[in-house]
Amino acid sequence: MDFSLVLNEIHDKLKNRNSEGKLAAYIPELAKVDPCKFGIHLLSTDGKEYCVGDYNEKFSIQSVSKVLSLSLVMSIIGEKVWDRIGVEPSGNPFNSIVQLEYEKGKPRNPFINAGALVLADILVTHLKDPKKEFLNYLRILSGNKNLQYNEKVAKSEKSVGYKNASLANMIKSYGNIENDVDVVLDFYFHQCSIEMTCAEMSKAFLPFATHGEAYHLPEPILTKSRVKRINAVMLSCGFYDESGEFAYKVGLPGKSGVGGGIVAVQPDQFSITVWSPKLNEKGNSVLGMKALELFTTKTGISIF
Ligand code: GLU
């Protein structure tokens, strides 16, 4: 299928509808991003690319990184990760602390901040040089050897990271964080600060559309069964308390981040990334949600 036409139609239709939503200004550095940016990139499993708009500009991947930290964690400790994190949708905002206390420090799922902090703790425990090794992993997946942390963004988030600090401390008080809280937070703020283009993000997520392998990787990153599990968690928990809405309207496993990026996969066919920085009140890109809804409606392709 030639997706160029449909991506161009969607981009044309939405590009001027940029009045809704707000930048993730709670992280001061992200308030500086041009709110009009809008790009879409689709990568098919055989390596064909279809793209439109600002698909080749870097943006802050933020919570999209949580899927990649989960996949690295699963490649290290496998299913043991579920002793420390659940797989149920939280029905709460991404940075909510309320559930954590009555569920005794076991986060509902790996894609809310609490869960991602436990993943960060696991990587800090198991990797010799966690920041370097995580970046390396993403460099291989994205095909960009020069991928970097954005130190300004990491520092900016740290300067206001009170909620993440309280989540980490609460989890630590229940014994579900092993390492020093500041070290875990430093890793987490850095993983969120990584910048990718839509094209790089589609590439990094291609293995989730191809059962763990991809044309640009020397070997599978995970087994077929683990990729299935990660896709299942993306479908049920990838959009915080809007995960049901995304599954209903779009019908693909995916993940969003407050940098305005959304990535989704159609198993055996493609990965697709949309970037538009203005967010709805749930923290998901307004145009990103809309573009993907239009995409699966127009093409008739979804996992259902
Ligand atoms: N670094 C962000 C935070 O912890 C990630 C949130 C997101 O992208 O949803 O607030």
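Read on for an overview of the structure. (Residues numbered from 1 in each chain as written. Predicted model: local features only at pLDDT ≥ 70, side-chain atom pairs only at ≥ 80, totals over all residues. Heavy atoms only, no water.)

Digging into the side chain of Q62
Move 1: The topology assignment puts Q62 in the loop between β3 (59–60) and α2 (65–77).
Move 2: Q62 sits in the buried class, given a relative accessible area of 2%.
Move 3: A distance of 3.0 Å separates a polar atom in the side chain of Q62 from a polar atom in the side chain of S60.
Move 4: The residues contacting Q62, other than those within four sequence positions of it, are I27, L30, V153, E157, C192, S193, G257, V258 and G259. (Helix = DSSP H or I, 4+ residues; strand = E, 2+ residues; numbered from the N terminus. Buried < 20%, exposed > 50% of the residue type's maximum accessible area, 1.4 Å probe, protein only. Polar contact = N/O pair within 3.5 Å; in protein donor to acceptor, adjacent residues only side chain to side chain. Contact = heavy atoms within 4.5 Å.)

Some remarks on the sheet that holds strand β7 (residues 270–275)
Move 1: Taken in spatial order, the five strands of this open sheet run β2-β1-β7-β6-β5, and their pairing is antiparallel. Edge positions in the sheet fall to β2 (49–53) and β5 (254–256), since each of these pairs with one other strand and no more. This sheet shows a mean twist of 5° between the axes of neighbouring strands, independent of strand direction.
Move 2: The pairing of strand β1 (residues 39–44) with β7 spans six bridges and is classified as antiparallel. Each bridged residue has a counterpart across the sheet, and for I40 the counterpart in β7 is V274. (Pairing = 2+ DSSP bridges. Axes fitted to C-alpha atoms, helices over the stretch in contact; angles between N-to-C directions.)

Here we look at empty space enclosed by the protein
Move 1: All told, the structure shown has two cavities of 30 Å³ or more when counted by the stated rule.
Move 2: Considered as a void within the structure, the largest cavity measures approximately 70 Å³ in volume.
Move 3: Together, 13 residues line the largest cavity, and S96, Q99, L100, I112 and A114 are the ones closest to its centre.
Move 4: Each residue belonging to the lining of the largest cavity can be placed in one class, and the counts come to six nonpolar, four polar and three charged.
Move 5: What the second largest cavity holds in volume is close to 50 Å³.
Move 6: Here the lining of the second largest cavity is composed, by residue class, of six nonpolar, three polar and two charged. (1 Å grid on protein atoms, 1.4 Å probe; cavity = no way out; pocket = protein on both sides within 12 Å on 5 of 7 lines; lining within 4 Å. Points joined across faces, edges and corners; volume = space filled by probe spheres on them. Nonpolar A, V, L, I, M, F, W, Y, C, P; charged D, E, K, R; others polar.)

With respect to the site of the ligand
Move 1: Near the ligand the following residues occur: Y26, Q62, S63, F94, N113, E157, N164, Y188, C192, Y240, G257 and V258.
Move 2: In the model, a nitrogen atom of the ligand is placed 2.7 Å from a nitrogen or oxygen of the E157 side chain.
Move 3: Between the ligand and Y188, the relevant distance is 2.7 Å, taken from an oxygen atom to a side-chain nitrogen or oxygen of the residue.
Move 4: Coverage of the ligand by the protein chains reaches 99% of its 300 Å² of free accessible surface.
Move 5: Given that more than half its atoms are within 2 Å of the pocket grid, the ligand belongs to the second largest cavity.
Move 6: Tallied by class, residues from the shell around the ligand come to six nonpolar, five polar and one charged. (Near = heavy atom within 4 Å. Areas by Shrake-Rupley, 256 points an atom, 1.4 Å probe, with all protein chains shown as cover. Sits in = over half its atoms within 2 Å of the grid points.)

Focus on the pairing of β1
In the case of a regular strand, side chains alternate between the two sheet surfaces.
Move 1: With six of six residues buried, β1 lies mostly within the body of the structure.
Move 2: Neither face of β1 is exposed, since G39, H41 and L43 on one face and I40, L42 and S44 on the opposite face are all buried.
Move 3: For β1 and β2, the ladder comprises five bridges, and the chain directions are antiparallel. The residue of β2 that forms the bridge with L43 is E49.
Move 4: Where β1 hands over to β2, the hairpin turn is made up of four residues, of which G47 adopts a positive phi near 90°.

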